Every structure is written in structure tokens, then in C-alpha cells.
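Residues per chain are reported as follows:
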Amino acid sequence: MDKHQIWIDEIYKDSRYGLKGKLLVRKKTAFQEIIILETIEYGNALMLDGCWMTSDKDEKYYHECLVHPALSNLLKINKVLIIGGGDGGTLRECIKYKDIEAIDLVEIDEEVINLSKHFLKKVGGNSWCDKRLKINIYDGFKWVKNIKNNHYDAILVDCSDPSEFANGLFSNDFYRECKRILKEKGILATQSESPESFKNMHIKINKSLKSIFRKSSTMYAFVPFYPSGIWSWTFASDNEKDFLVPKHPQIQSIENSCDVWNSNYQEGALKMMPNKVMKELLQQNSND
Ligand code: SPD
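These figures come from a predicted structure and were not determined experimentally.

Caption draft 1: Examining the overall build of the chain more closely. When helices and strands are tallied, the chain shows 10 helices and 12 strands. A compact globule built from 288 residues should have a C-alpha radius of gyration of about 19 Å, and the chain, at 18 Å, falls within 12% of that. Principal-axis analysis of the C-alpha atoms gives the chain an extent of 60 × 45 × 35 Å. Across the 288 residues of the chain, 55% fall into the buried class. In the chain, of all internal contacts separated by at least 6 residues, the share reaching a separation of at least 24 is 67%. Working note: accessible area of the chain is about 13,100 Å², and carbon and sulfur atoms make up 50% of it. Side chains of the chain give 40 positive and 40 negative charges; the mean places of these two sets differ by 3 Å.

Caption draft 2: Local environment of the site of the ligand. Contacts to the ligand come from Trp 52, Met 53, Tyr 62, His 63, Asp 87, Asp 158, Cys 159, Asp 161, Gln 191, Tyr 226 and Trp 231. When the free accessible area of the ligand is taken as 330 Å², the share hidden by the protein chains comes to 98%. Within the residue set of the shell around the ligand, elements represented by two or more residues are β5 (51-55) and α1 (59-71).

Caption draft 3: Helix α3 (residues 110-119), seen in detail. What α3 keeps buried is the set Val 112, Ile 113, Leu 115 and Ser 116. Next to the buried residues of α3 lie β2 (15-28), β3 (33-39), β4 (44-48), β7 (102-107), α4 (121-124) and β8 (133-137).

Caption draft 4: Quick peek at the pairing of β7. By the criterion of burial, β7 is predominantly enclosed, with five of the six residues buried. Inspection of the sheet shows strand β6 (residues 79-84) paired to β7 by five bridges, in the parallel sense. For Val 80, the partnering residue across the bridge sits in β7 and is Ile 103. Alignment of β7 against β8, held across five bridges, turns out to be parallel. For Leu 105, the partnering residue across the bridge sits in β8 and is Ile 135.

Criteria and cut-off values
- Residues numbered from 1 in each chain as written.
- Predicted model: local features only at pLDDT ≥ 70, side-chain atom pairs only at ≥ 80, totals over all residues.
- Heavy atoms only, no water.
- Helix = DSSP H or I, 4+ residues; strand = E, 2+ residues; numbered from the N terminus.
- Rg over C-alpha atoms; globule rule 2.2 N^0.38 Å.
- Buried < 20%, exposed > 50% of the residue type's maximum accessible area, 1.4 Å probe, protein only.
- Contact = heavy atoms within 4.5 Å.
- Areas by Shrake-Rupley, 256 points an atom, 1.4 Å probe, with all protein chains shown as cover.
- Lys, Arg positive; Asp, Glu negative; His and termini not counted.
- Charge placed at Lys NZ, Arg CZ, Asp CG, Glu CD.
- Near = heavy atom within 4 Å.
- Pairing = 2+ DSSP bridges.

Printed below as a string of C-alpha cells:
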């Protein structure tokens, strides 16, 4: 093997999800270890604390599915909050909506943004220069606690996997704060882990959002290099009318701009809940 090539693996429950490439960055920050690897097959790939976050090649499977089901559901969007999202992929998808006036991106680790701007240019691209963007280096949970009621049209939670500093973003308290700061027709979107590799957390998120919001629904699709490959995104709102029916006036051009997402993909993916997850949710509900 070329001496500049190394294997970096995400190790999860005795399984390894690895990429081979040239190490561009290995850095410890106050929050986590950041690795960026240059690979032939996946382009540049970002790992945080041992978990793959994104790569040039497959990031669209993830970011398009987090952003568009939520934003396309709204007729008009004024203010958007992104929690996490330091690689810029979620931001890039948001700025496609011309009516958005302000985007708050709240990322706890400034180094993720700095390194992504430099090494993951294909992910964030020019979106970092968008005039509507305000970057806030801050804890996402504390941020939502400080926002006044009815403030955002959409909240997009692009967080890493549960960990000491990300746990709060999977808690009922956090979801209640999100509900409070969303406008009446507002919508929350969160990555909701894998129904296979992180089934318990996945079910917990589902259950929490169902108990806090009037409507919630989960979409399942693929992110090739995440553990087990199958991933999920959950959407929640108190607006029951036409929940998750794309209706934004720009929908056609947004669909054309995407590599993965379109209304059909979304419709199918919203029906993909594995039976075993459905059974556990029903079981848990009947135990409540
Ligand atoms: N196991 C991976 C979970 C990743 C969730 N966030 C990814 C960040 C990409 N913007």
C-alpha cells in the first residue's frame, strides 16, 4: 500500500466502516477529534470523534433529505435555524430558497467550520458567503433556550451522533424548546439516526417527537457510508394541514437542482418505516 494511504474506520458494535486515503487533518479540539481524509472513491471525508459525518461523494443523500422535505413544505420562509451543520451542506441546500431572509447557523465547534471551508469546498461551496447567513459559535441547546417564542419558520438539526455534548439535542427538553420558538406553521427537521445501527435512539427520537408535536413523520433512505447504510430524518410540526406535502413555489427548480431528493423520492421514503420499528413504536405507545 502507498505509504501515504491509511485506513480510517468508524467502529460500531464490532463492525468497521472504513475508507482508505491520505490523512489531511487529525486534530483535537475542545469538543472532539476531527479527521479529514482524502479518498479516491468518496472524495474528501469528515469524521468527528470516530463517526463519519460527510463526504464529497455521498453528502447529498444526507443533506438534501434533511432540508427539502421541511422547507418545501412551507409556502413562505422567513427565518431558518440550522443547529450543527458545520460542514456547510445543510446551508448550501437552504440558500436555494430565495424567500429566506435570515439563516442562523449555530455550531459548537468553530474548527469544524474552518476546516470544512478549506477541505470540504464541494460541500459548503459559496454558501458560506451568502448574505443571509449569520454564524454563531455556540451550544445549540443553549441557543434555543434564549430565543423568543414563534421566531423561526424551520429548524434543521444537523447534529452528530449522541455524545457528551450532542446528547442534549436528542432530549425532550430540546424538542419542547424547538416547538416554542417555531412559528405556528413552522417545522422541525432532525437527523434521527439509523433504524438498524442505532435503533434504540431512533425509536426514542420518534417517540419524543410524536408526543410533543401534533404531527411527525420519518423518512428513510440511504447514506452509503454511515453504519448499516440506512438512515433516517424525522419531521415534526403543529401544523396538521398538508404535512410534508411539498408546496413551496420554487419546488420545480429545487427538484431540478438536487442529485437525490425529489417529491417522489420523499413520498416513497416516508413509507419506508421498517416493520420492526413500527411494532416497537406501537408496543411502546400501548405501554404508555
Ligand atoms: N453517523 C452520522 C450521523 C451524522 C449526522 N450529521 C452529519 C453531519 C453532516 N452535515
